[in-house]
Amino acid sequence: MAVAAAAAAGPVFWRRLLGLLPGRPGLAALLGRLSDRLGRNRDRQRRRSPWLLLAPLLSPAVPQVTSPPCCLCPEGVHRFQWIRNLVPEFGVSSSHVRVLSSPAEFFELMKVDCLEGTLEKSLQAKFPSNLKVSILLDFTRGSRGRKNSRTMLLPLLQRFPEQVRVSLFHTPHLRGLLRLLIPERFNETIGLQHIKVYLFDNSVILSGANLSDSYFTNRQDRYVFLQDCVEIADFFTELVDAVGDVSLQLQGDDTVQVVDGMVHPYKGDRAEYCKAANKRVMDVINSARTRQQMLHAQTFHSNSLLTQEDAAAAGDRRPAPDTWIYPLIQMKPFEIQIDEIVTETLLTEAERGAKIYLTTGYFNLTQAYMDLVLGTRAEYQILLASPEVNGFFGAKGVAGAIPAAYVHIERQFYSEVCSLGQQERVQLQEYWRRGWTFHAKGLWLYLAGSSLPCLTLIGSPNFGYRSVHRDLEAQIAIVTENQALQQQLHQEQEQLYLRSGVVSSATFEQPSRQVKLWVKMVTPLIKNFF
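Residues numbered from 1 in each chain as written. Predicted model: local features only at pLDDT ≥ 70, side-chain atom pairs only at ≥ 80, totals over all residues. Heavy atoms only, no water.

Formally: UniProt positions are given in the numbering used here, feature names are shortened, and annotations may be inferred rather than shown by experiment.
If you check an unreviewed UniProt entry, the protein chain appears there as CDP-diacylglycerol--glycerol-3-phosphate 3-phosphatidyltransferase from Colobus angolensis palliatus. Entered under Catalytic activity (unreviewed entry) in the UniProt record, the comment concerning the protein chain runs "a CDP-1,2-diacyl-sn-glycerol + sn-glycerol 3-phosphate = a 1,2-diacyl-sn-glycero-3-phospho-(1'-sn-glycero-3'-phosphate) + CMP + H(+)". UniProt annotates the protein chain under Function (unreviewed entry) with the comment "Functions in the biosynthesis of the anionic phospholipids phosphatidylglycerol and cardiolipin."

Following this line, the structure appears as structure tokens:
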């Protein structure tokens, strides 16, 4: 009995350890391989043991905060402080955080407030040439077809070569014969640069949305605007630069080159490349974490002779934050698993009576996430796309069967929920809106007894195998004590869920939910690629 429960909790325990082992990449890799081996063994089991329900009783405690809670500063009051052991913590005023709700709102913000505003300020400056544009794309997705992102950006790069940088990330796992044989579009399944972050001076937009037409019109996603948050903008600028440095650089003649001194992502040694990329990205995370710790100490623990009133009058003292932003990075090809560790810990530690609203446009949870949803104590409402609003609905060729594959995965998960008698605690809901597609992802956490969320995750990850193991991902955890911002997040969640219907056994009897035999047979073989 205990063995079955420990096997379920083990991968969570080992993944957490990865974040607590600085300078021990060998041990971290070993623990990661042991965790993956356990996951594969569980995949082979036809049914999960009911002893999985004991997992939360045996799971380890939340990663410990390195210093005791501070009674002098606001950071000492919320229960998610442990996240700052892994990533920088940015305390901000909730007035700088704005939750968007629609593609049209996203478009207007990008076009008017951000792009036009930034260009206007640049033109009004004494030295307009100070304007810099850095664009990070995925190599395979950005090069697909004759007319693509590369060809679109070439005129800009040719006209302003000193001010424009276009970086194309190429996964190190697509190389050799595999790279030659896999055709366009299908090669994107091996791994992508999937981060969606938009930076304008000191402001940041985090989203799961791309910048193609449908994301501005009828493709529902999530978006948050962090206005005048200098430290957060600096962090994501450095992150984009770091990934750009380990990417291929687009040239004016449509060729690509590596940055001087950098290992080639698919021609060079893979292990050497991944090691260099890990160092480049982790240097950004660790240096920002150190900066924020120093800023925190200066702001709330300064031994200066100046009084707090004098410092405030001089403009040196910041208003006490009521909201905290944590950037969560997942780059498994580089052995960076921060988002995975934090997400699993949040799911594990959610107490009985807490509610988690989790949404994904592509319902294909990792085994570890499924185990936690089924084996922990919180209530879950999981929002996913109905086949008709799946982005692949109506696609030509094999891609047209992808919505049916998601239906098959959904039905298997629903059957497991029912077999464990968890229908009251774990509920599936399908989003539907005529003429629209659904691409929203993230979660909202409501503590027991609360009608408003205190935490949300928002960004690019889909909670699936690709997000965890193959792609480069980034999202932020927003923790807030401000009721107005909590209300914004609650309204965002309600607005999405109001367009959904509850999944029941009758759902899978509908004609649109009938899955062909060949799709059922192929899905287990390909589910880790979409």
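Next comes the rest of the write-up.
### Considering the overall build of the protein chain
The condition is simple: Here a helix means four or more residues in a row that DSSP labels H or I, a strand means two or more in a row labelled E, and each is numbered from the N terminus. Burial classes follow relative accessibility: with a 1.4 Å probe on protein chains only, a residue under 20% of its type's maximum area counts as buried, one over 50% as exposed, and anything between as partly exposed. In this description, contact between two residues means that some pair of their heavy atoms is separated by no more than 4.5 Å.
Along the protein chain, the regular secondary structure elements total 16 helices and 20 strands. Split into buried and exposed, the 530 residues of the protein chain put 51% on the buried side. When contacts within the protein chain are restricted to residue pairs at least 6 apart in sequence, long-range pairs at least 24 apart make up 77% of them.

### Let's talk about the nonpolar core
Stated formally: Put simply, a nonpolar core is a bunch of buried Ala, Val, Leu, Ile, Met, Phe, Trp, Tyr and Cys residues held in one set by side-chain atoms that sit within 4.5 Å of each other.
If you look at the biggest cluster of nonpolar residues, it comprises 111 residues, and the most contacted ones within it are Met331, Ile382 and Phe413. Counting residues in hydrophobic clusters, the runner-up holds 13 residues, among them Leu109, Met110, Tyr215 and Phe225.

### With respect to the UniProt feature "domain: PLD phosphodiesterase" (unreviewed entry) in the protein chain
Per the UniProt annotation, the sites labelled "domain: PLD phosphodiesterase" (unreviewed entry) are residues 189-215. End-to-end, the C-alpha atoms of residues 189-215 are 21 Å apart, and along that stretch the chain is 0% helix and 33% strand.

### Considerations on the sheet that holds strand 5 (residues 197-200)
This is how the line gets drawn: Pairs of strands are assigned from DSSP output, requiring at least two bridges between the strands. What counts as an axis is a line fitted to C-alpha atoms, over the stretch in contact for a helix, and the angles between N-to-C directions run from 0 to 180 degrees.
Across the sheet, four strands lie side by side as 2-8-6-5; this open sheet has antiparallel pairing. Each of the sheet's edge strands pairs with one partner strand only, and the pair in question is strand 2 (97-100) and strand 5. Averaged over all pairs of adjacent strands, the angle between their axes in this sheet comes to 15°, without regard to strand direction. Pairing geometry for strand 6 (residues 203-207) and strand 8 (residues 223-226), over four bridges, is antiparallel. Bridged to Ser207 within strand 8 is Tyr223. Docked against the sheet, helix 8 (residues 230-245) engages strand 5, strand 6 and strand 8, running at close to 120° with respect to strand 5.

### Looking at the pattern of salt bridges
Put simply, the test is: Salt bridge, as used here, is a side-chain nitrogen of Lys or Arg placed within 4 Å of a carboxyl oxygen of Asp or Glu.
Tallied over the entire structure, the rule returns 16 salt bridges. Here Arg411 makes a salt bridge to Glu509, at a shortest N to O gap of 3.7 Å. Highlighted residues: Arg411 in helix 13 (residues 402-419) and Glu509 in the loop between strand 20 (500-502) and helix 16 (517-526), separated in sequence by 98 residues. What makes Arg411 partly exposed here is its relative accessible area of 35%. Salt-bridge contacts for Arg466 lead to Asp471; the nearest nitrogen and oxygen are separated by 3.3 Å. Considered together, Arg466 and Asp471 belong to a single accessibility category, that of buried residues. Through salt bridges with shared partners, a single ionic network connects Arg141, Arg144 and Glu188.

### So, the packing of aromatic side chains
The line we're drawing: For this analysis, a ring pair means two rings from Phe, Tyr or Trp (six-membered ring only for Trp) whose centres lie within 6.5 Å, classed as stacked if their planes differ by under 30 degrees, edge-to-face if by over 60, and tilted for the remaining angles. Should the NZ of a Lys or the CZ of an Arg lie within 6 Å of a ring centre and within 35 degrees of the ring normal, that charge is described as sitting over the ring.
As enumerated under the stated definition, the model contains 17 aromatic pairs in all. When the centroid spacing of 6.0 Å and the interplanar angle of 70° are considered together, the rings of Tyr273 and Phe334 count as edge-to-face. Of this pair, Tyr273 sits in helix 9 (residues 270-300) while Phe334 sits in the loop between strand 11 (323-331) and strand 12 (336-337), and the two are 61 residues apart along the sequence. An aromatic cluster is defined as three or more aromatic residues linked by ring pairs; in this entry it consists of Phe106, Phe107, Tyr198, Phe216 and Tyr223. The ring of Tyr266 has Arg179 sitting right over it, with the charged end atom 3.8 Å from the ring centre. We note Arg433 situated over the ring of Trp436; from NZ or CZ to the ring centre the distance is 3.6 Å.

### A look at a nonpolar patch on the surface
Under the convention used in this document: Two joining distances apply to patches: 9 Å for like charges and 5 Å for nonpolar side chains (Val, Leu, Ile, Met, Phe, Trp, Tyr), and every residue must have over 30% relative accessible area and no salt bridge. Computed by Shrake-Rupley with a 1.4 Å probe, the accessible areas treat only the displayed protein chains as cover when residues are assessed.
On the surface, a nonpolar cluster with roughly 380 Å² of combined accessible area is contributed by Leu177, Leu180 and Leu181. Note on placement: Leu177 falls in helix 7 (residues 176-181).

### A look at the pairing of strand 6
The side chains of a regular strand alternate, first on one face of the sheet and then on the other. Counting buried positions along strand 6 yields five of five residues, so the element is predominantly enclosed. Where burial is concerned, the two faces of strand 6 agree: the one with Ser203, Ile205 and Ser207 and the one with Val204 and Leu206 are both buried. Between strand 5 and strand 6, which follow one another and run antiparallel, lie two residues, and Asp201 among them has a positive phi close to 55°.

### Quick look at the environment of Phe363
Assignment of secondary structure puts Phe363 in the loop between strand 13 (355-360) and helix 12 (367-375). Sequence separation between Phe363 and Ile409 is 46 residues; the distance between their C-alpha atoms is 7.5 Å.

### Digging into the environment of Leu498
Relative to the elements of secondary structure, Leu498 occurs in the loop between helix 15 (483-497) and strand 20. For Leu498, a relative accessible area of 70% puts it in the exposed group.

### Some remarks on the packing of helix 11 (residues 338-349) against helix 12
Helices that pack against each other are described as a pair by the angle of their axes relative to one another and the distance between those axes. Rule in force here: Working definition: roughly parallel below 35 degrees, roughly antiparallel above 145 degrees, roughly perpendicular at 65 to 115 degrees, and oblique for all remaining angles. The crossing is said to be left-handed when, going from far helix to near helix, the turn is anticlockwise and less than a right angle, and right-handed when the turn is clockwise.
Taken N-terminus to C-terminus, the directions of helix 11 and helix 12 make an angle of 15°; their axes are 9 Å apart at the nearest point. By the criterion of interaxial angle, the relationship of helix 11 to helix 12 is roughly parallel. Considering how the two elements wind past one another, helix 11 and helix 12 form a crossing that is left-handed. Counted together, Asp339, Glu340, Thr343, Glu344, Leu347 and Thr348 of helix 11 and Ala368, Tyr369 and Leu372 of helix 12 form the full contact between these two elements.

### Some points on the pairing of strand 5
Inspection of the sheet shows strand 5 paired to strand 6 by four bridges, in the antiparallel sense. By the bridge assignment for strand 6, Tyr198 is matched with Ile205.

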